[in-house]
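# Tertiary structure, described
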Amino acid sequence: MKRIFFIALAVVCCFAGYGIYSYTVADWRLAPDPQTAVMETRLEPAEAEWHAPLLKGLFRKALSRRDAASEAALGPIGTAPLPLSLALPQGFEHRVRLLREGEPVFDGQAAAWEPIALEAGAYALEIDCSVPETNGTAGYGSFRYRCTFTVEPAPEPALLTGRTELRQGDVAALRLVHIPPGLAPHAETELGMAIFTPDGPGAWYVAIPVGNAQNPGQYGIRVQAGDRSFETTITVLPFDFVEQNLIVDTSSAAISEANSPAAYREYREKIPPLFDTYDAERHWHGVFAVPADGRVSTEFGTIRYTNGDYSRPRRHNGMDIAAPEGTPVFAPNAGRVVMAERLLNTGNTVVIEHGGGLKSYFFHLSRIDAAPGGMAEKGAQIGAVGSTGYSTGPHLHYEVRIGNRPINPSMLFEADAGLYCAEGGEEDAQLREAFRRREE
Ligand SMILES: [Zn+2]
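A brief report on the enclosed structure follows.

The rules we used
- Counting from 1, residues in each chain are numbered in the order their sequence is written.
- Note on the predicted model: pLDDT of at least 70 is required for a residue's local features to be given, and 80 or more for side-chain atom pairs to be given and counted; whole-chain, interface and lining totals, by contrast, use all residues.
- Think of the side-chain values as coming from all heavy atoms in the structure, minus any hydrogens and water.
- Strands here are runs of E lasting at least two residues and helices are runs of H or I lasting at least four, both read from the DSSP assignment and numbered beginning at the N terminus.
- Relative accessibility under 20% of the residue-type maximum defines a buried residue, over 50% an exposed one, and the middle range a partly exposed one, all with a 1.4 Å probe and only protein chains included.
- Residues are treated as being in contact if the distance between any of their heavy atoms lies within 4.5 Å.
- Areas reported as accessible are Shrake-Rupley estimates using a 1.4 Å probe. Residue values count occlusion only from the protein chains shown.
- Buried and open spaces are told apart on a 1 Å grid over the protein atoms alone, a cavity being a set of points where a 1.4 Å probe fits but cannot get out and a pocket being an open set with protein on both sides within 12 Å along at least five of seven lines. Residues with an atom within 4 Å of a point are the lining residues.
- Grid points are joined across faces, edges and corners, and a volume is the space filled by probe spheres set on the points.
- Residue classes follow a fixed rule: Ala, Val, Leu, Ile, Met, Phe, Trp, Tyr, Cys and Pro count as nonpolar, while Asp, Glu, Lys and Arg count as charged, and any other residue, Gly among them, counts as polar.
- Domain segmentation is taken from an automatic or database assignment of domains.
- Only strands that DSSP links by at least two bridges are regarded as paired with each other.
- By convention a nonpolar core is built from buried Ala, Val, Leu, Ile, Met, Phe, Trp, Tyr and Cys residues, the set being connected through side-chain atoms within 4.5 Å.
- Orientation is described by lines fitted to C-alpha atoms, with helices fitted over the stretch in contact, and by angles between N-to-C directions that extend from 0 to 180 degrees.

### As for the overall build of the protein chain
Scanning the protein chain from N- to C-terminus turns up 6 helices and 34 strands. Across the 440 residues that make up the protein chain, the buried fraction comes to 47%. Considering only contacts within the protein chain whose residues lie at least 6 apart along the sequence, 68% involve residues at least 24 apart. In the form shown here, the protein chain has an accessible surface area of approximately 21,900 Å², with 53% of it arising from carbon and sulfur atoms.

The following block contains the structure:
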């Protein structure tokens, strides 16, 4: 009888007596392990108490712990405005308290929590995850998490200017960085079309033409991004354009038709309207490739006279690549095909928009291998060399324009051309490196 009494007393002491039973860390296996995270960093509870059911809920075992070291110091977690993401465990009630510099930012049920865009500052966060006591046999208790972190101020918007001394036919490239989301910058300059295209998080890129006919001198570029404005100056240097007297057999019927008023009327109806169009995103990446194998027979910008008539000089706005009829013509860079049709003056014609109004024009093709509206990958065949339209022999007339201003195609084939130089200034090296990698 005595023995039974002692066994009963031991059982009572073990299960019913809070604090009598000395538990160990292993006993926490009886408690849940809530998964709580801030910006994907898992937190450990700073305080916890749990009443774990034993023997089908006949008894509950009380566990509690306090671990000051689990108050996580997360340090900087991002830059303002930062949407704070929380991962909270299922099956718990949550209460979130967020203080910035000691002042409450949020205090309430997590159900009301929506990612708040945090401004810069030092924050303290406390999260309670609890299961209330019920009449049932389930466990109950709470877990409390604490952490501190900082949100860094957003870096100031900055304009990166590439080369600012450019020859006629080159391109002025600019890059804006640290631009807040939802803000589309724009540029204004008499140099020509200047369309910013998105270029990675918070970054924008613009390629501005220095046309072949741009008078040497100084030109301002004004950039507006929200309430921030920037200015830079481009110095245009002369390019030594060659002159050429072209001998054309005007008695040929084909040449007469290609050179007729009707041919020029059709050209004016079809080609110049393209000058004002642009895609708001940039399709091209990396250095432009030469679109056809062959010999450069007429340089970009050549000042041309026809049959010795020196009273009427005409600009050759592209470069001519002489090659046998049927030589493949490739897209020099990625873009959208905006024209693929036969015109009287330019013959079989393909035009590719590379983004931001930068376009490639391919004239006199023997064949067209591109469809209007489709995308052309860099290196995709878009046609073949021919002599259709106003042409005296098989060659590719390759012209590049930004807006209406012709630029020098051969400069685009050089990795150090102005087009690829939208970096500089005292900007952080990481961004420049990211930009360089994008270009490769
Ligand atoms: Zn030509």
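### Concerning empty space enclosed by the protein
To find leftover empty space, one rolls a probe the size of a water molecule over the atoms. According to the stated counting rule, one finds 1 cavity of 30 Å³ or more in the structure shown. Its volume calculated, the largest cavity comes out at about 70 Å³. Lining of the largest cavity is provided by I195, T197, Y205, V206, A207, R282, W284, G355, G356, L358 and I402. Per element, the largest residue contribution to the lining of the largest cavity is 3 residues, and it comes from strand β18 (residues 204-209). Split by residue class, the lining of the largest cavity holds 7 nonpolar, 3 polar and 1 charged. When residues of the lining of the largest cavity are assigned to domains, at least three fall in each of domain 2 (158-238 + 424-439) and domain 3 (243-407).

### Quick look at unusual backbone geometry
Note that the residue after A80, namely P81, is joined by a cis bond; omega there is -5 degrees. Inspection of the secondary structure assignment puts P81 in the loop between β5 (72-79) and β6 (82-83). We note that E40 has phi near 70 degrees; this positive angle belongs to a residue other than glycine.

### Things to note about the environment of G169
Mapped onto the elements, G169 comes out in the loop between β14 (165-167) and β15 (171-177). For G169, a relative accessible area of 2% puts it in the buried group. Here the alpha-carbon distance between G169 and P409, two residues 240 residues apart in the chain, equals 8.3 Å. Setting aside residues up to four positions removed in sequence, G169 forms contacts with V210, G211, N212, F300, I407, N408 and M411.

### Focus: the pairing of strand β20 (residues 228-237)
Pairing geometry for β14 and β20, over 3 bridges, is parallel. Looking at the pairing, E165 lines up with T235 of β20. The pairing of strand β19 (residues 217-225) with β20 spans 9 bridges and is antiparallel. When the bridges of β20 are listed, G220 appears paired with T233.

### Quick word on the side chain of T235
With respect to the helices and strands, the residue T235 is situated in strand β20. With residues up to four places along the chain from it excluded, the contact list for T235 reads T164, E165, L166, G217 and Q218.

### Some points on the nonpolar core
Core analysis: the biggest nonpolar cluster contains 36 residues, and F288, V350, F362, I382, L396 and L419 have the highest contact counts within it. For this core, the secondary-structure elements that each account for two or more residues are β15, β18, β25 (319-322), β27 (335-343), β28 (347-353), β29 (358-365), β33 (395-402) and α5 (409-412). Top contributing element to this core by residue count: β33, with 4 residues. No fewer than three residues from each of domain 2 (158-238 + 424-439) and domain 3 (243-407) sit in this core. With residues near it in sequence (within four places) discarded, L419 still touches D170, V171, A173, Y205, A207, W284, F288, L358 and L412. In terms of nonpolar packing, the next biggest core, distinct from the first, is built from 31 residues, A31, L82, Y140 and C147 among them.

### Observations regarding the environment of S297
Note on placement: S297 falls in strand β22 (residues 295-298). With 98 residues separating them in the primary sequence, S297 and H395 have C-alpha atoms 8.4 Å apart. Setting aside anything within four residues of it in sequence, one finds S297 in contact with Q244, D320, I321 and A322.

### Quick look at the sheet that holds strand β16 (residues 186-188)
Strands pair in a sheet through their backbones, by hydrogen bonds, and they do so in one of two ways: parallel or antiparallel. Spatial ordering of the open sheet is given by β14-β20-β19-β16, a layout of 4 strands whose pairing is mixed. The open sheet terminates on both sides in strands that have one partner only, identified here as β14 and β16. Across the sheet, the mean angle from the axis of one strand to that of its neighbour is 30 degrees, orientation sign disregarded.

### With respect to the layout of surface pockets
Estimates place the volume of the largest pocket at around 660 Å³. Counting only elements with at least two residues in the lining of the largest pocket, the list comes to α3 (261-270), β22, β23 (303-306), β24 (309-315), β25, β29 and β33. Take the lining of the largest pocket: its biggest share by element is 4 residues, from β33. Residues of the lining of the largest pocket, tallied by class, amount to 9 nonpolar, 13 polar and 6 charged.

Everything listed here is a matter of geometry and, on its own, says nothing about what the molecule does.
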